[in-house]
Number of protein chains: 2
Amino acid sequence: MDLDSLQTPLLVVDGPALDRNLATMAAVLPGERLRPHVKAHKTTALARRQEAVGHAGFTCATIREVEGMAAAGLGHDLLLANEVLHARRLGDVVDAGSRVTLAVDSEATVAAAADGGVKEVLVDVNVGLPRCGCSPEDAGRIADLARARGLEVRGVMGYEGQVTVLTDRDERAAAVEQAMTLLLQAAALVGGDVISAGATVSYDLNTWATEIQAGSYALMDTAFAPMAPFEQALSVVATVISVSSKFAVADCGLKSLGMDHGLPSIEGATVWLCSDEHITFAPAAGHPVAVGDRVAVRPAHVDPTVAYHERMHVVEDGQVVETWPVDLRGW
Amino acid sequence: MDLDSLQTPLLVVDGPALDRNLATMAAVLPGERLRPHVKAHKTTALARRQEAVGHAGFTCATIREVEGMAAAGLGHDLLLANEVLHARRLGDVVDAGSRVTLAVDSEATVAAAADGGVKEVLVDVNVGLPRCGCSPEDAGRIADLARARGLEVRGVMGYEGQVTVLTDRDERAAAVEQAMTLLLQAAALVGGDVISAGATVSYDLNTWATEIQAGSYALMDTAFAPMAPFEQALSVVATVISVSSKFAVADCGLKSLGMDHGLPSIEGATVWLCSDEHITFAPAAGHPVAVGDRVAVRPAHVDPTVAYHERMHVVEDGQVVETWPVDLRGW
């Protein structure tokens, strides 16, 4: 099917670029060294491609993601890298035959895991990002609490998200090492053989974790692009609906683009603003646009962009070769 | 049903506050003086409440919104206040018995309306916001083109969105008058009896338009709150999943909150950051929180917040009295 025959806005994946990203990552972090994070794409069909290049375990951010991955037959080893207070739905996924490991960082979340029928946990450790995770010194106590409730403690996890703003590679490497020093301290107290951490921007810097939870690398976005060798494979294709002397307007906006990392980009143009269903941009000299033209809008942040769309179209040479439902949305 | 029995994050509407907002608006702009914009809530059940207080005509931003409103029996008089280049789906809605008026601002969009089977249009005029709309001087020519294609030209529309940043009421009033002077110039060239404009922040200032396209007033958000007397009726309810000495973390984030107007708010706390499924906040002195507590997160911008959710729960005294599907999402 010709991409131009579909009404915009359209979430479009450059199929060959996606495959190159998956291959690049699998070469550096093969098999269990990578636990791809599905929150970045929320699409079981894309997860299946990640499995096809060797990654059988996945990271999830929501209960719905765990349920959807299990239902799609991708439940070999799912980590919900997030605290949950009502885990019964996860217990149901375990009872149905999938492997689910849950992050815990407090007595309450240990109790929720045990009460909900989850069997395995990782102790989530705060390694510098102001988010979840116990202190490294407290990790042993949390592990003891979990074991006392009959839970298998597989190890530790800690997300060094504070490094995502350090565009200088040496600074980023130093910050990753500092964070992982904390995580290794916790791992010594906790036991188990899993040390789960990391992100696309630290995939080749974090040599301490046993597995890396990268997600953005598959589709990439403009914010992380300067920090990793992956190609931007995702765009929102929009149609120019109005043109005036100084600017043009296309039909995608705040409801098709994650905006927390700032404005999206259009090659050969300067983006001025977005409103609900519009993007206003000034074409650069020599790049005029006409009503009816299509433009590829590059989101600054992939994850919250994907979550707005019902489906993504995989495109090769202007042809839609597959259409994938974004089937892990919601909670 | 008790709201606390539902798993978070939850999109929650304060039912009595919503009803007060609808009543406040209907008192100032009764019946056809208001054409509520459904893009702000994307929910036909909420539109039905707006109809119940007297507003039979609605404004839409997408073809899907038009289709959904018509399918819900709310197609008495729908304005798609946006340019469209492939209007066949709108023609189908007209053929099925609903009234659909489409914005046009160029020869191409006039042709699309006629080719798609739309019968009625408004000439969209740029009144100062860098977005769609022809120049006021060009409006008569666009109307002539439309009439030559057999379209009924009902009048003009022009959105004075540039005034939404003017928190000073006098400045805002002056900017609305300036914008409407342009729209009236265009109206004189176009003919017809509709002059459609406006927004929640100009609902009582814009005395020139025959109808106001306000949307945010029903649910409101923190960005527009200082500029209009409507109550914030929408929140995202989240559960505290982790607490440390300086901050706490609850389970809603970038995928449940529109972020283009900045960070959301939590009463009695300072919000530090949001990530995909987390909000980190510092509770104020005297407002401690514990794991398992629930917090109401006020989005800075309602429209892109609602678009992330499958349903909204209408709550009164802590009880869910209705659950409404957000059934106008997508395109």
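What you see is a predicted model, and the numbers here were worked out from it, not measured in a lab.

**Describing the domain arrangement of chain A**
All names here are of chain A.
Now for step 1: Parsing chain A into structural domains produces domain 1 (3-11 + 231-325) and domain 2 (15-221).
Now for step 2: The C-alpha centroid of domain 2 is placed 31 Å from the C-alpha centroid of domain 1.
Now for step 3: Across the contact, 17 residues belong to domain 1 and 17 residues belong to domain 2.
Now for step 4: The greatest single-element share of the side of domain 1 that touches domain 2, amounting to four residues, is contributed by strand β15 (residues 311-316).
Now for step 5: Class assignment for the residues of the side of domain 1 that touches domain 2 results in twelve nonpolar, two polar and three charged.

**A short note on the nonpolar core**
Now for step 1: Among the nonpolar cores identified, the biggest contains 234 residues, and A:Val123 and B:Val123 are the most heavily contacted of them.
Now for step 2: Other than its neighbours up to four places away in sequence, B:Val123 contacts B:Val104, B:Asp105, B:Cys134, B:Ala139, B:Ile142, B:Ala143, B:Val153, B:Val156, B:Ala186 and B:Val190.

**What to know about the relation of the copies chain A and chain B**
Now for step 1: Overlaying chain A with chain B gives an RMSD of 0.0 Å, the required rotation being 180° about an axis along which the chain moves by 0.0 Å. Both copies of the chain, as the preceding transformation shows, are related through a two-fold rotation axis.
Now for step 2: Comparing interface residues between copies, 98% of those in chain A also lie at the interface in chain B; the contact surface is shared.

**Considering the interface of chain A and chain B**
Now for step 1: Between chain A and chain B, the residue contacts involve 45 residues of the former and 44 residues of the latter.
Now for step 2: The class makeup of the residues in the side of chain A that touches chain B is 18 nonpolar, 17 polar and ten charged.

**Regarding the sheet that holds strand β4 (residues 100-104) of chain A**
All names here are of chain A.
Now for step 1: Pairing is parallel in the open sheet, where seven strands are placed in the order β2-β3-β4-β5-β6-β7-β8. Two strands bound the open sheet, and with one partner strand each, they are β2 (57-60) and β8 (211-212).
Now for step 2: Here β2 pairs with strand β3 (residues 77-80) via four bridges, running parallel. Note that in β3 the partner of Gly57 across the bridge is Asp77.

**Comments concerning the sheet that holds strand β8 (residues 211-212) of chain B**
Backbone-to-backbone hydrogen bonds join strands into a sheet, with any given pair of strands oriented parallel or antiparallel.
Residues and elements named next belong to chain B.
Now for step 1: In space, the seven strands of this open sheet follow the order β2-β3-β4-β5-β6-β7-β8, with parallel pairing throughout. A strand with exactly one partner marks an edge of an open sheet, and here the two such strands are β2 (57-60) and β8.
Now for step 2: Helix α7 (residues 169-190) rests against β5 (120-124), β6 (152-158) and β7 (194-197) of the sheet, and its axis sits at about 165° to β6.

**Details of the confidence of the model for chain A**
Now for step 1: Mean pLDDT for chain A: 97, with 100% of residues reaching 70 or above.
Now for step 2: Scored by ipTM, the complex comes to 0.96, with pTM at 0.96.

**With respect to unusual backbone geometry**
Now for step 1: For the peptide bond that leads from A:Thr8 to A:Pro9, omega is 0°, which places it in the cis range.
Now for step 2: Along the polypeptide, A:Pro9 turns up in the segment before β1 (10-14).
Now for step 3: Non-glycine residue A:Asp317 carries a positive phi angle of around 50°.
Now for step 4: Even without being a glycine, B:Lys42 presents a positive backbone phi close to 50°.
Now for step 5: For B:Lys42, the position within the fold is in the loop between α1 (15-28) and α2 (44-52).
Now for step 6: With 26 C-beta atoms counted inside 10 Å, the residue B:Lys42 sits in the buried group.

Rules and cut-offs
Per chain, residues are indexed from 1 in the order of the written sequence. Written order decides the labels, with chains lettered from A and ligands numbered from 1. Where local features are concerned, this predicted model is filtered to residues with pLDDT of at least 70; where side-chain atom pairs are given and counted, the filter is 80 or more; whole-chain, interface and lining totals use all residues. Where each domain starts and ends follows an automatic or database-derived domain assignment. Here the contact rule is simple: place C-beta atoms from the backbone, and any two residues whose C-beta atoms are within 7 Å are in contact. Under the DSSP-based scheme used, a helix requires at least four consecutive residues in state H or I and a strand at least two consecutive residues in state E, with every element numbered from the N terminus. Just so you know the grouping, Ala, Val, Leu, Ile, Met, Phe, Trp, Tyr, Cys and Pro go in nonpolar, Asp, Glu, Lys and Arg go in charged, and all remaining residues, Gly too, go in polar. Residues enter a nonpolar core if they are buried, belong to Ala, Val, Leu, Ile, Met, Phe, Trp, Tyr or Cys, and are joined to the set through C-beta atoms within 7 Å. Three exposure classes are used, all based on how many other C-beta atoms lie within 10 Å of a residue's own C-beta (placed from the backbone): buried at 20 or more, exposed at 12 or fewer, and partly exposed between those limits. Copies overlap after least-squares fitting; the atoms used are the C-alpha atoms of residues with pLDDT of at least 70 in both. Strands pair, by our definition, only if DSSP identifies at least two bridges between them. Every axis corresponds to a line fitted to the C-alpha atoms, with the helix fit spanning only the stretch in contact, and the corresponding angles, defined between N-to-C directions, vary from 0 to 180 degrees. Each residue gets a pLDDT score, which is the predictor's confidence in that residue and runs from 0 to 100.

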